[in-house]
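# Secondary and tertiary structure notes
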Amino acid sequence: MKNIIKMELKKAIISKFFLMGLAILLLFAILSGIYMLENRVSYNPNDITSLEYYFENGKFKTNPDLSLYGFYNSWVGGEALSLFQSLFFNLLPIGAAIPFAWSYHTERKSGYLKNIASRTDKKKYFIAKTIAVFTSGALVVLIPLIVNIAIVSAFVPSIDPFAGYTFYNYHYVGEMWIEYYFTNPALYVSLYVLFDALYGGIFALLSFTTAFYIKNILAVLFLPYLLVTAIGYLQSVIYANIYVTVTYEFNPAVYLHSLMYGGSRMWWIILPITVFFILISLGTIFIRGFKDEIF
């Protein structure tokens, strides 16, 4: 079992397709970082490090509005100024699918599965394939986020957010993990980085799942993206035609971002959606994969 997992992980990560998926998201993560550095320097053109005058040990000494120009409002998951952050989160499903989500489709079509039928149990194959697909999707999201954070944090001070400026921070009471944003913002960022990486793996698995129903490789790669787009469109249509005092966010492309620039991001909405995506993916892979006569 260990050998087949290692083989699938090697195929997933050491490949040009992994680099392609990584390059797409890495490009927008880096461009977002560069844009925000230019934005912050233009705010204080003489020397951005002079902002340190206003705080000590991450706490304000004066002028609390400077928290709006710190790291927590400048990393790709915390800024809403550049086009690049929007492209990063909207194209995340495609970037996550490119490395290895298509592999089952091509291996089944080429007859590769028949060649390994005599060497391993198909249950082991699907378990290893699932681990590799999820890992590749998660890494292709995690690495660009880490690179973006490294770039931005090297130049922009990490000033603790000021709770009195919730409107300008786009963070509001009751939202998922909001208590950590004002008490432990580094933990808040870490939770969103891991959450986004988790969804990278989930989107990759959804693409993998598509291969059981659709034979077109483009559909395998783009269906999660189309699904997210459809959810966003349906949500906008519903809210445009009904009057509600509070809107809630159902679109992963929006709630993966740590800022609220759509509806309110509530854990009791996001958790069921996340669990549903995981169950539909794993359920299809293991039920169809274990039962179908594919070898």
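Here the structure is shown first, and the text comes after it.
Now for a look at the structure at hand. (Residues numbered from 1 in each chain as written. Predicted model: local features only at pLDDT ≥ 70, side-chain atom pairs only at ≥ 80, totals over all residues. Heavy atoms only, no water.)

Bringing the overall build of the chain into the picture now. Within the chain, the regular secondary structure consists of 13 helices and two strands. Against the compact-globule benchmark of 19 Å for 295 residues, the chain has a radius of gyration of 21 Å, which places it among compact chains. A buried classification covers 47% of the 295 residues belonging to the chain. Pairs at least 24 residues apart make up 75% of the contacts formed inside the chain by residues separated by at least 6 positions. If you sum the accessible surface of the chain, you get close to 14,100 Å²; carbon and sulfur atoms cover 67% of it. (Helix = DSSP H or I, 4+ residues; strand = E, 2+ residues; numbered from the N terminus. Rg over C-alpha atoms; globule rule 2.2 N^0.38 Å. Buried < 20%, exposed > 50% of the residue type's maximum accessible area, 1.4 Å probe, protein only. Contact = heavy atoms within 4.5 Å. Areas by Shrake-Rupley, 256 points an atom, 1.4 Å probe, with all protein chains shown as cover.)

On to the pattern of salt bridges. Think of it this way: side chains of opposite charge can pair up when their charged atoms draw near. Taken as a whole and assessed by the stated rule, the structure comprises five salt bridges. Salt-bridge contacts for glutamate 8 lead to lysine 11; the nearest nitrogen and oxygen are separated by 3.1 Å. Here glutamate 8 pairs with lysine 11, and both are found in helix α1 (residues 2–13), just three residues apart, close to one helical turn. Classification of glutamate 8 as buried rests on a relative accessible area of 0%. Measuring nitrogen to oxygen at the nearest pair gives 2.8 Å for the salt bridge that ties lysine 11 to glutamate 107. Here lysine 11 is found in helix α1, whereas its partner glutamate 107 is found in helix α5 (residues 103–110), with 96 residues between them in sequence. (Salt bridge = Lys/Arg side-chain N within 4 Å of Asp/Glu carboxyl O.)

Most peptide bonds are trans, and most residues other than glycine sit at a negative phi. Phi at tryptophan 177 takes a positive value of approximately 65°, unusual for a residue other than glycine. Tracing the backbone through its elements, the reader meets tryptophan 177 in the loop between α8 (166–169) and α9 (178–183). Residue classification places tryptophan 177 among the partly exposed residues on the basis of a relative accessible area of 22%.

On to the packing of aromatic side chains, then. Applying the stated criterion to the full structure yields 23 aromatic pairs. Both rings, one in tryptophan 177 and one in tyrosine 192, keep their centres 5.2 Å apart while their planes meet at 85°; by these two values the pair is edge-to-face. Of this pair, tryptophan 177 sits in the loop between α8 and α9 while tyrosine 192 sits in helix α10 (residues 185–210), placing them 15 residues apart in sequence. The exposure class assigned to tyrosine 192 is buried, which follows from its relative accessible area of 0%. (Phe/Tyr/Trp six-rings, centres within 6.5 Å; stacked < 30°, edge-to-face > 60°.)

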